[in-house]
Amino acid sequence: MKKPIELDWANLGFNYIKTDYRYISYWDKGEWDDGTLTEDNTVHISEGSTALHYGQTVFEGMKAYRAKDGSINLFRPEENAERMQRSCRRLMMPVIPTDIFIEAVKKVVKANEAYIPPYGTGGSLYLRPYMIGIGDNIGVKPASNYLFSIFCMPVGAYFKNGLVPTNFLVSDYDRAAGNGTGSSKVGGNYGGSLLPGSEAHKRNFGDAIYLDPITHTKIEEVGAANFFGITKDNQFVTPISPSILPSITKYSLLYLAKERLGLEVKEEDVFVDRLDRFAEAGACGTAAVITPIGGIQYKDNFHTFYSETETGPITKKLYKELTGIQYGEVKAPKGWIIKV
Ligand code: PLP
Ligand code: COI
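Residues numbered from 1 in each chain as written. Chains lettered and ligands numbered in written order. Predicted model: local features only at pLDDT ≥ 70, side-chain atom pairs only at ≥ 80, totals over all residues. Heavy atoms only, no water.

### Overview of the packing of aromatic side chains
Formally: Two aromatic rings, drawn from Phe, Tyr or Trp (for Trp, its six-membered ring), form a pair once their centres lie within 6.5 Å of each other, and the interplanar angle then sorts them: stacked below 30 degrees, edge-to-face above 60, tilted otherwise. A run of H or I in DSSP counts as a helix once it spans at least four residues, and a run of E counts as a strand once it spans at least two, with each numbered from the N terminus. Burial status follows relative accessibility: with a 1.4 Å probe on protein chains alone, a residue under 20% of its type maximum counts as buried, one over 50% as exposed, and anything between as partly exposed.
Taken as a whole and assessed by the stated rule, the structure comprises 15 aromatic pairs. For the ring pair Phe75 and Trp336, a centre distance of 5.7 Å and an interplane angle of 90° mean the geometry is edge-to-face. Of this pair, Phe75 sits in strand β6 (residues 72-75) while Trp336 sits in the loop between α7 (313-326) and β18 (337-339), and the two are 261 residues apart along the sequence. Judged on exposure class, the residue Phe75 and its partner Trp336 are both buried. Both rings, one in Tyr255 and one in Trp336, keep their centres 5.4 Å apart while their planes meet at 55°; by these two values the pair is tilted.

Written as structure tokens, this is what we have:
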């Protein structure tokens, strides 16, 4: 086990930190090159790159964890590989095969091992795979060339530290169109979320909540995380919609809530004017992990769930189960943990 560098591990937050190596691979004339690790954290691309003008850019977010026994865990990385392939197809980009994706992730983690937050600090190594359309171009058409890269950095909490409830603001803006790119992890979805996100922050909320773009009556996303609620009769409920990003954390929680906590689970419409059916609510995602939702502001009404300061018992149990699996403290369902 490589000795970690000196860092204030307990207070990392979610900020860019330059690490030593990143993986980079180029696609030209219909194939990927072998891919290498580089120390250069800049990319040099044509002014005509489709990524710059037409948003031909997709990304992923995943984490490596220093486990209790000192080994390094990846959490369901093939799910990220497959979601990235779906995003690429949506934007007419070439795909990275799952085995090459996972090998590249492992190379980046190993090369930057000293940056993995030590076990017990609550941090993890965030990995950012991305692909962009590059090359000389001006027409609205898929690029001739592509760059695929994975970089990483140590991170702590995305919202507040640990299991601290956060309040959210329902936005008037839509995050994605009904039959648009909402279920793909593409750059444009996030560019459009900057203004609603900043309006929420200005009013002291953790982020914006987006409603469905067709009827504006149902919760879709909590910023860059999925929503879940625990009903008063102990059902785990999460929204269903074609414009939500299929969160790997959310699907993991659906499984854990059912198989480990014995809850009834449902993917169904979550009407924003029916929040009183929930005893607890949370946001879930790779960066957000599980962030309890204290309350939701919708027009003039502020609805609180369990508490604005305390986390509900089921949310706590889910958090313990999920993070326990990620840090190697709890037995993982088959295939969920890949060792680096
Ligand atoms: N929703 C959005 C819009 C996201 O950006 C993310 C982050 O990846 C999620 C949900 C959570 O997905 P996952 O659990 O796969 O990280
Ligand atoms: C993630 O959870 O990995 C995300 O991509 C969220 C955000 C930082 C974009």
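After presenting the structure, the write-up continues.
### Some words on the site of ligand 2
Defined as follows: The cutoff for a nearby residue is simple: one of its non-hydrogen atoms must lie within 4 Å of the molecule or strand. Counting of polar contacts relies on pairs of N or O atoms within 3.5 Å, with two restrictions inside protein: one atom must be capable of donating a hydrogen and the other of accepting it, and residues adjacent in sequence are counted only when both atoms are side-chain atoms. The Shrake-Rupley method, run with a 1.4 Å probe sphere, supplies the accessible areas, and residue values consider only the shown protein chains as cover. In this classification, Asp, Glu, Lys and Arg are treated as charged, Ala, Val, Leu, Ile, Met, Phe, Trp, Tyr, Cys and Pro as nonpolar, and every other residue, Gly included, as polar. For the domain bounds, the source is a domain assignment made automatically or taken from a database.
If you check the shell around ligand 2, you find Phe14, Phe59, Gly61, Tyr126, Arg128, Tyr158, Lys185, Tyr190, Ala224, Thr286 and Ala287 and nothing else. At a separation of 2.7 Å, an oxygen atom of ligand 2 approaches a polar side-chain atom of Tyr126. Ala287 is positioned such that a nitrogen or oxygen atom in its backbone is 2.8 Å from an oxygen atom of ligand 2. With the chains in place, 90% of the 280 Å² that ligand 2 exposes on its own is no longer accessible. Here the shell around ligand 2 is composed, by residue class, of seven nonpolar, two polar and two charged. Counting contributing residues per domain, the shell around ligand 2 is built from domain 1 (9-155) and domain 2 (166-326), each supplying no fewer than three.

### Some thoughts on the domain arrangement of the protein
What counts is decided by this rule: Whether two residues touch is decided by their heavy atoms; if any such pair falls within 4.5 Å, the residues are in contact. Using a 1.4 Å probe, buried area is obtained as the accessible area two parts lose upon being combined, added over both of them. A side-chain nitrogen of Lys or Arg and a carboxyl oxygen of Asp or Glu constitute a salt bridge if their distance falls within 4 Å.
Per the domain assignment, the segments of the protein are domain 1 (9-155) and domain 2 (166-326). Here domain 1 and domain 2 have C-alpha centroids that lie 25 Å from each other. Taken together, the contacts link 20 residues of domain 1 with 20 residues of domain 2. Carbon and sulfur atoms supply 60% of the area buried between domain 1 and domain 2, which totals about 1,600 Å² over both sides. Counting the surface domain 1 buries against domain 2, the share from its top three residues, Phe59, Phe75 and Arg83, is 38%. For the pair domain 1 and domain 2, the interface holds zero salt bridges.

### What to know about the pattern of salt bridges
Tallied over the entire structure, the rule returns twelve salt bridges. Of the charged contacts, one joins Arg76 and Glu79 as a salt bridge, the two residues approaching to 3.9 Å between their closest N and O atoms. Accessibility expressed as a relative area gives 13% for Arg76, which makes it buried. On the basis of relative accessible area, Glu79 is assigned to the partly exposed category, the value being 27%. The closest approach of N and O atoms between Arg274 and Asp276, which form a salt bridge, is 3.9 Å. On the basis of relative accessibility, which here comes to 42%, the residue Arg274 falls in the partly exposed class.

### Here's the deal with the site of ligand 1
The environment of ligand 1 is formed by 16 residues, the closest being Arg83, Tyr190, Ser247, Thr249 and Thr286. Contact distances for ligand 1 include 2.6 Å between an oxygen atom and a side-chain N or O atom of Ser247. Thr249 places a polar side-chain atom, nitrogen or oxygen, 2.5 Å from an oxygen atom of ligand 1. Relative to its unbound accessible surface of 380 Å², ligand 1 loses 96% to contact with the protein. The set of elements that each furnish at least two residues to the shell around ligand 1 consists of β12 (225-231), α6 (248-259) and β15 (278-285).

### Quick notes on the packing of α6 against α7
Rule in force here: Axis definition: a line fitted to C-alpha atoms, limited for helices to the stretch in contact. Angles are taken between N-to-C directions and run from 0 to 180 degrees. These descriptions rest on fixed angle ranges, namely under 35 degrees for roughly parallel, over 145 for roughly antiparallel, 65 to 115 for roughly perpendicular, and the rest for oblique. Crossing handedness: left-handed means the near helix sits turned counterclockwise from the far one by under a right angle, and right-handed means the same turn made clockwise.
Relative to each other, α6 and α7 sit at 115°, their axes nearing to 10 Å. Taken together, α6 and α7 sit at an angle that is classed as roughly perpendicular. The handedness of the crossing between α6 and α7 comes out as right-handed. Where α6 approaches α7, its residues Thr249, Ser252, Leu253, Leu256 and Ala257 are matched on the opposing element by Leu318, Glu321, Leu322 and Ile325.

### Remarks on helix α3 (residues 98-111)
Test applied: The span one expects for a helix is its residue count, reduced by one, times 1.5 Å.
Compared with an ideal rise of 1.5 Å per residue, which puts 14 residues at 20 Å, α3 spans 20 Å between its outermost C-alpha atoms and is within 8% of the ideal. Listed in full, the buried residues belonging to α3 are Phe101, Ile102, Ala104, Val105, Lys106, Val108, Val109 and Ala111.

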